[in-house]
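Residue strings, one per chain:
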Amino acid sequence: MTALIVIGIIVLIIALIMLIPVGADIGYEDGVFSLSAKVLGILIKLFPKDESKPKKEKPGKKKEKKPKKEKKKKKEEEPGEEQPKKKKFDFTVEEIFELLKKVLKKIGRFGRKWNIDRFLLDLVLTGADPYETARLFGYINASIATLAPMCRDRFNCKDTFVRTDVDFGAEETKIDFGLAFSIRIGAFFALAFGIAFAALGILLKNKKRLKKEAKQNPEIPETAEDKENN
């Protein structure tokens, strides 16, 4: 009887922990990344760290760092052209957006369990190749157009701003992103496992495609792992 009571108390504690709301406030604006954790409605700033506070120096003499010895090269470089290395992962634009769609669909299933305070996406694309830039811009807008109705139906966001544009005269792509949300711990773990399985499927497809391309292109050497699999 005592064992059943202990087990019941443990189960109750775990159930209560799973109901605790946690979240984050993520931001990337003007090239600066910021991250704050949210527990029971309290924000805890994680990054960037406050540099205005003076760092406490530990008492004692500072140890001088010894100069690092240069590591000897295992093999001397042979003259001639370097052989191209086989890529473990090389994602196409289609694979990236397929992964994003699956992730957002998984998130959408838990829409009622999310509390979203703000969502910001301000993107201005540029690139050396106008065709590839325009193609990428089309993929982004098509994905937003597909996912926006689902997000409006399943999420209740208090503050939303989304804008995309192309500027071929700009030096680099500009992106501002912000997301503040909270979710219960139990729903978060269920979501994390769902996203992990979705990502695994994309990774397996990517590896299969790269193996096929490596066989078609004999200049790219196969690794020992690939030879064993074959």
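Remember, predicted model here, so these are calculated numbers, not experimental data.

Considering unusual backbone geometry
In this model, Phe47 is joined to Pro48 through a cis peptide bond whose omega is -5°. The residue Pro48 is located in the loop between strand E3 (42-47) and helix H2 (93-109) in this model. Despite not being glycine, Asp30 shows a phi value in the positive range, around 55°.

Re the packing of aromatic side chains
Under the criterion given, the structure shown has three aromatic pairs. Where Phe33 meets Phe47, the ring centres are 5.9 Å apart and the plane angle is 40°; that geometry is what we call tilted. Taken as a pair, Phe33 in strand E2 (residues 32-39) and Phe47 in strand E3 lie far apart in primary sequence, 14 residues in all. What makes Phe33 partly exposed here is its relative accessible area of 36%. Ring geometry for Phe188 against Phe189: centres 5.9 Å apart, planes inclined by 70°, an arrangement best described as edge-to-face. Classification of Phe188 as partly exposed rests on a relative accessible area of 38%.

Describing the layout of surface pockets
Of the pockets and cavities examined, the largest pocket occupies roughly 1300 Å³. Contributing to the lining of the largest pocket are 34 residues, with Leu104, Phe119, Leu121, Cys151 and Phe177 lying nearest its centre. Counting residues per element, the ones that place at least two in the lining of the largest pocket are H2, strand E4 (115-125), helix H3 (130-154), strand E5 (157-166), strand E6 (174-184) and helix H4 (185-216). Per element, the largest residue contribution to the lining of the largest pocket is eight residues, and it comes from H3. Each residue belonging to the lining of the largest pocket can be placed in one class, and the counts come to 28 nonpolar, four polar and two charged.

What to know about the sheet that holds E2
With respect to topology, six strands assemble into an open sheet ordered E3-E2-E1-E6-E4-E5, the strand pairing being mixed. Every other strand in the sheet has two partners, leaving E3 and E5 as the edge strands with one partner each. Shown here is a sheet whose adjacent strand axes are inclined to one another by a mean of 15°, direction ignored. Bridge analysis of E2 against E3 gives five bridges, and the strand direction is antiparallel. If you follow Val39 over to E3, its bridge partner there is Ile42. Contacts between H3 and the sheet are confined to E4 and E5, with E5 contributing the most and set at about 155° to the helix.

As for the side chain of Ser36
Here Ser36 lies in strand E2. Given the relative accessible area of 15%, Ser36 is considered buried. Once you skip the residues sitting within four places of it in the chain, Ser36 turns out to touch Gly23, Ala24, Asp25, Leu43, Ile44, Lys45 and Leu46.

Some words on a nonpolar patch on the surface
On the surface, Val6, Ile10, Ile14, Met18, Phe188, Phe189, Phe193, Phe197, Leu200 and Leu204 cluster together into a nonpolar patch covering about 990 Å² of accessible area. Among the elements of the structure, helix H1 (2-18) and H4 are those that each provide at least two residues to the nonpolar patch. When residues of the nonpolar patch are assigned to their parent elements, the largest contribution, six residues, is made by H4. The residue Ile14 is located in helix H1 in this model. By relative accessible area, which is 44% here, Ile14 ends up partly exposed.

Some remarks on the nonpolar core
Judged by nonpolar contacts, Ala24, Val103, Ile107, Trp114, Ile116, Phe155, Leu179, Phe181, Ile183, Ala187 and Leu191 together constitute the single largest core of 11 residues. No other element matches the three residues that E6 contributes to this core.

Regarding the pairing of E5
Bridge analysis of E4 against E5 gives nine bridges, and the strand direction is parallel. When the sheet's bridge partners are listed, Leu120 is paired in E5 with Phe161. Read from E4 through H3 to E5, the crossover connection turns out right-handed.

Thoughts on the environment of Ile107
Along the chain, Ile107 turns up in helix H2. Accessibility expressed as a relative area gives 19% for Ile107, which makes it buried. Considered as a pair, Ile107 and Phe155 are 48 residues apart in the sequence and their alpha carbons are 9.8 Å apart. Beyond its immediate chain neighbours, meaning those up to four positions away, Ile107 contacts Trp114, Phe155, Leu191 and Ile195.

Definitions and limits used
Residues numbered from 1 in each chain as written. Predicted model: local features only at pLDDT ≥ 70, side-chain atom pairs only at ≥ 80, totals over all residues. Heavy atoms only, no water. Helix = DSSP H or I, 4+ residues; strand = E, 2+ residues; numbered from the N terminus. Phe/Tyr/Trp six-rings, centres within 6.5 Å; stacked < 30°, edge-to-face > 60°. Buried < 20%, exposed > 50% of the residue type's maximum accessible area, 1.4 Å probe, protein only. 1 Å grid on protein atoms, 1.4 Å probe; cavity = no way out; pocket = protein on both sides within 12 Å on 5 of 7 lines; lining within 4 Å. Points joined across faces, edges and corners; volume = space filled by probe spheres on them. Nonpolar A, V, L, I, M, F, W, Y, C, P; charged D, E, K, R; others polar. Pairing = 2+ DSSP bridges. Axes fitted to C-alpha atoms, helices over the stretch in contact; angles between N-to-C directions. Contact = heavy atoms within 4.5 Å. Patch = residues over 30% accessible without salt bridge, like charges linked within 9 Å, V, L, I, M, F, W, Y side chains within 5 Å. Areas by Shrake-Rupley, 256 points an atom, 1.4 Å probe, with all protein chains shown as cover. Salt bridge = Lys/Arg side-chain N within 4 Å of Asp/Glu carboxyl O. Core = buried A, V, L, I, M, F, W, Y, C linked by side-chain atoms within 4.5 Å. Right-handed = clockwise from strand over helix to strand, strands pointing away.

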